[in-house]
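Structural description and commentary
Here are the chains, one letter per residue:
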Amino acid sequence: MTLILWLFVTVAAYELGRWIRKRTGSSLAQPVAIAIAIIGVLLAASGTAYDDYADATTLISFLLGPATVALAIPLYHQTARLKGMVVPVLVALGAGAVVSMVSGILLVRWLGGSDALERTMATKAVTAPVTIALADRLGGYPELSACFAIVIGIVGAMLGPRLLTLLGVRDPRARGVAVGAVSHGVGTARMLEEGRVEGAFSGLAMGLTAVVTCLLLPLVAHLLL
Amino acid sequence: MITGLLWLLGCQLAGTAIVDVTGIPLPGPVVGMLLLFIVLVVRRRGGEDDPIIQVGDYFLSHLQLFFIPAGVGVVVYFAIIRDAALPIVVALLGSWLLGLATVGWVLTLALRHLPGVGSEGAPGEEIE
């Protein structure tokens, strides 16, 4: 009973979030943020442990796997646009990954955060399933790093497009790559709404950032941690 | 419908198997994504009636739903987050903003100065 109850609540909260999104038309109303807030309140009110909720909703979190695989589709639709862009995209993503990891570590250190928190922050700039594996290996808090990745995805979905316009980044490919590189799945879901090009390059950047970060993280960790 | 689902799960399975065998530090679904990309390029179909595209597009249109259970996990870390709120918030937002600006600017510069790469996104033109 509780299994189907939490599944129902999760899908219903998401649907409510979509309804609010449609009614307000605001990018600040992200269905995933609305759903997390609603479910968090319901868990606290009912005294349900997070582990029980996570067990009940395994079916939904499992679907993240095939959905990640499906990100190949928007990328495939854009293969012609990728010609001549492989090197610039990899250079931009490499630079972004290093800046993101180093600034994350140093900001936590500067503000007096713990060593484990530095390690958690270092791995947060990749998609949730990857950051869990990386934080675990590096000695951070795996689940917290996944939360960071999701929160920053929500921030990216809310503010990313607007900030890029302020920063003077107008090319739809650069906009998609930038959001995908730092805001992963939730950011990519938002960029798919912006347009096919933005969505495709965002999904591409999310996948490649995972690869680039996995390769560069040992180096950054060796130098800084 | 089922054919498309089989392809998605098959690529995830193959990706996970490759990770398990080789020990490369990547998650199975990410390798699966690269495999499905190769499959799509090799098949060269990908019309609207392609079952992979139909099922995949449906999954992608509700991508946010699948993140909700993990996102709710934030409640478990409430104490850590409260005790280290300042470093967490500043480092999270700061490194995110620096990363976003770096990627956006580096790529914008590269696209502007590289010959052979269009300076505009050429909206509307379809591929394949």
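See the structure shown above.
Now for a description of the structure that goes with this document. (Residues numbered from 1 in each chain as written. Chains lettered and ligands numbered in written order. Predicted model: local features only at pLDDT ≥ 70, side-chain atom pairs only at ≥ 80, totals over all residues. Heavy atoms only, no water.)

**Re the overall build of chain B**
Helix and strand counts for chain B come out as 6 helices and 0 strands. Counting over 128 residues, chain B shows a buried share of 45%. By sequence separation, contacts in chain B at least 24 residues apart represent 34% of the contacts at least 6 residues apart. For chain B, the exposed surface amounts to about 6,600 Å²; the carbon and sulfur share of it is 70%. (Helix = DSSP H or I, 4+ residues; strand = E, 2+ residues; numbered from the N terminus. Buried < 20%, exposed > 50% of the residue type's maximum accessible area, 1.4 Å probe, protein only. Contact = heavy atoms within 4.5 Å. Areas by Shrake-Rupley, 256 points an atom, 1.4 Å probe, with all protein chains shown as cover.)

**Looking at the side chain of Thr-188 of chain A**
When you line up the elements, Thr-188 of chain A lands in helix α12 (residues 172–194). Dropping the residues within four chain positions of it, Thr-188 of chain A is found in contact with Leu-71, Gly-180, Ser-183, Gly-199, Ser-202, Gly-203 and Met-206 of chain A.

**Brief notes about unusual backbone geometry**
All names here are of chain A. Backbone geometry at His-184 places phi at a positive 50°, although glycine is not the residue there. Its place among the elements puts His-184 in helix α12. By relative accessible area, His-184 is classed as buried at 3%.

**Focus on empty space enclosed by the protein**
On inspection of all chains with the given rule, the structure shows 2 cavities of 30 Å³ or more. Around the largest cavity, the lining residues are Leu-93, Gly-96, Ala-97, Ser-100, Ala-125, Ala-181, Val-182 and Thr-209 of chain A together with Val-103 of chain B. Among the elements of the structure, α8 (86–110) and α12 of chain A are those that each provide at least two residues to the lining of the largest cavity. Grouping the constituent residues of the lining of the largest cavity by class yields 6 nonpolar, 3 polar and no charged. In this structure, the second largest cavity spans a volume of roughly 30 Å³. Breaking the lining of the second largest cavity down by element, the ones donating at least two residues are α13 (196–224) of chain A together with α2 (28–43) of chain B. Considering each element in turn, the lining of the second largest cavity owes the most residues, 3 residues, to α13 of chain A. A per-class count over the lining of the second largest cavity returns 4 nonpolar, 4 polar and no charged. (1 Å grid on protein atoms, 1.4 Å probe; cavity = no way out; pocket = protein on both sides within 12 Å on 5 of 7 lines; lining within 4 Å. Points joined across faces, edges and corners; volume = space filled by probe spheres on them. Nonpolar A, V, L, I, M, F, W, Y, C, P; charged D, E, K, R; others polar.)

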